Amino acid sequence: MASDRPRVLSGIQPTAGSFHLGNYLGAVRQWVAMQETHDAFYMVVDLHAITVPQDPAELRANTRLAAAQLLGAGLDPDRCTLFVQSHVPEHAQLGWVMNCLTGFGEASRMTQFKDKSAKQGADRATVGLFTYPILQIADILLYQANAVPVGEDQRQHIELTRDLAERFNGRYGQTFTVPAPYIVKETAKIFDLQDPAIKMSKSASAPKGIINLLDEPKTSAKKIKSAVTDTGTEIRFDETGKPGISNLLTIYSTLTGAGVSELEKKYEGKGYGALKTDLAEVFVDWVTPFRARTQEFLDDPETLDSILAKGAEKARAVAAETLAQAYDRVGFLPAKH
Ligand code: AMP
Ligand code: TRP
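Residues numbered from 1 in each chain as written. Chains lettered and ligands numbered in written order. Predicted model: local features only at pLDDT ≥ 70, side-chain atom pairs only at ≥ 80, totals over all residues. Heavy atoms only, no water.

Enquirer: I keep staring at the site of ligand 2 and nothing clicks. Help me out?
Expert: Neighbouring ligand 2 are 13 residues; S10, Y132, Q136, D139 and Q154 lie closest to it. The side chain of Q136 places a nitrogen or oxygen atom 2.9 Å from a nitrogen atom of ligand 2. Contact distances for ligand 2 include 3.0 Å between a nitrogen atom and a side-chain N or O atom of Q154. For ligand 2, whose free accessible area comes to 370 Å², the fraction covered by protein is 91%. A per-element tally of the shell around ligand 2 places helix α7 (residues 127–142) first, with 4 residues. (Near = heavy atom within 4 Å. Polar contact = N/O pair within 3.5 Å; in protein donor to acceptor, adjacent residues only side chain to side chain. Areas by Shrake-Rupley, 256 points an atom, 1.4 Å probe, with all protein chains shown as cover. Helix = DSSP H or I, 4+ residues; strand = E, 2+ residues; numbered from the N terminus.)

The following block contains the structure:
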């Protein structure tokens, strides 16, 4: 992990138990690749998770489960820093400072908040849900991250992070790196298998529309085979005319490395059924070792916890330095030791 490499930071919530295919293709896959090229920090964002009600025992189990899946997907603790957000208190501390620099109006414009609070009803939505993006800003700026690999739905939060980094730097002097979103166009938005007009999502998708990576592979294969396709018979990438088939082609192409035009050629004259049957097999071949590796970490919680402890220690060293500088810039009196 050479420190002259650019920094990358990202996070995923431990709210659903299993990751879904959108999480993997939109985000986690990039995390795995970037540990080879970047000084990489990845975390399970449990502080963010409690912006909506969580059962304590489930949250604890899901936090381990998220970390195990990240390792199962290929994160290597020797190549990246993997940690749990609540193990690094600096997140909440810098979060407060950022709360005080963010306008009420600009926070009110965050579409994820608007969607989530509309779903819950304005009276039940918490202040924590409102300030969720501001904690995310602190997450990113603490590590002086250059790049933030996420799916399309996070773009607005990264834009806000850039605005706040510039605002702080302008007001108090150069302190934070201004990060850039790292969003891979092809996989930025994986769609629901039953309703290709909406993204695959743990909250909005019906069970048949979402591929959970920890489900029995047979179950997922069935869902792929019964994915909604479009009128006509031709297998062609056309997001507006053929959103269902285009989504399947994206998934197929990303899991195998075959180009979309190569796949179009391969399936010329064949029906949708052939594509779906083959994709189901491709998925099962990919997910089977993923599930086995994840299970290995779940079966050995001591190893898992020690990976997370080492990660938190490395993360804290970086976060504490940034926080100290930010506190000083803001004008807080240093505590004497
Ligand atoms: P979350 O589960 O909300 O913590 O999301 C974790 C990561 O997965 C974020 O970077 C999201 O942008 C990404 N993501 C979630 N759903 C999708 C999707 N349907 N397509 C692509 N990326 C997604
Ligand atoms: N808000 C992100 C999501 O819903 C999770 C997240 C929290 C995150 N902190 C982050 C992503 C910092 C990137 C960087 O997916």
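Enquirer: Any chance you could explain the pattern of salt bridges here in plain terms?
Expert: Side chains carrying opposite charge are able to pair once their charged atoms draw close together. Within the structure shown, the criterion is met by 12 salt bridges. Ionic contacts of the salt-bridge type, sharing partners, join the residues E36, D76 and R79 into one network. (Salt bridge = Lys/Arg side-chain N within 4 Å of Asp/Glu carboxyl O.)

Enquirer: Before we go on, may I ask you to explain helix α4 (residues 90–99) in this structure?
Expert: Think of an α-helix as 3.6 residues a turn; residues three or four steps apart then line up on the same face. Those residues of α4 that sit buried are E90, H91, L94, G95, V97 and M98. Seen from one end, α4 has its buried residues packed into an arc of 160 degrees, which puts them on one side. Residues of α4 that are buried make contact with β2 (39–44), α2 (46–49), β3 (80–84), α7, α8 (155–172) and α13 (301–330). (Buried < 20%, exposed > 50% of the residue type's maximum accessible area, 1.4 Å probe, protein only. Arc of directions from axis to C-beta. Contact = heavy atoms within 4.5 Å.)

Enquirer: Got a minute to help me understand the layout of surface pockets in this structure?
Expert: Where empty space is left becomes clear once a probe the size of a water molecule has been rolled over the atoms. Taken as a whole, the second largest pocket encloses approximately 380 Å³ of empty space. Lining the second largest pocket we find 17 residues, and of these K185, E186, T187, F237 and T250 sit closest to its centre. Tallying contributions element by element places helix α10 (residues 243–256) first for the lining of the second largest pocket, with 6 residues. Taken together, the residues of the lining of the second largest pocket sort by class into 5 nonpolar, 7 polar and 5 charged. (1 Å grid on protein atoms, 1.4 Å probe; cavity = no way out; pocket = protein on both sides within 12 Å on 5 of 7 lines; lining within 4 Å. Points joined across faces, edges and corners; volume = space filled by probe spheres on them. Nonpolar A, V, L, I, M, F, W, Y, C, P; charged D, E, K, R; others polar.)

Enquirer: I tried to follow empty space enclosed by the protein on my own but got confused; where do I start?
Expert: A full pass over the atoms with the stated rule returns 1 cavity of 30 Å³ or more. In this model, the largest cavity occupies a volume close to 40 Å³. Contributing to the lining of the largest cavity are M110, Q112, F113, K116, L129, Y132, P133 and H157. Elements represented by at least two residues in the lining of the largest cavity include exactly α6 (111–120) and α7.

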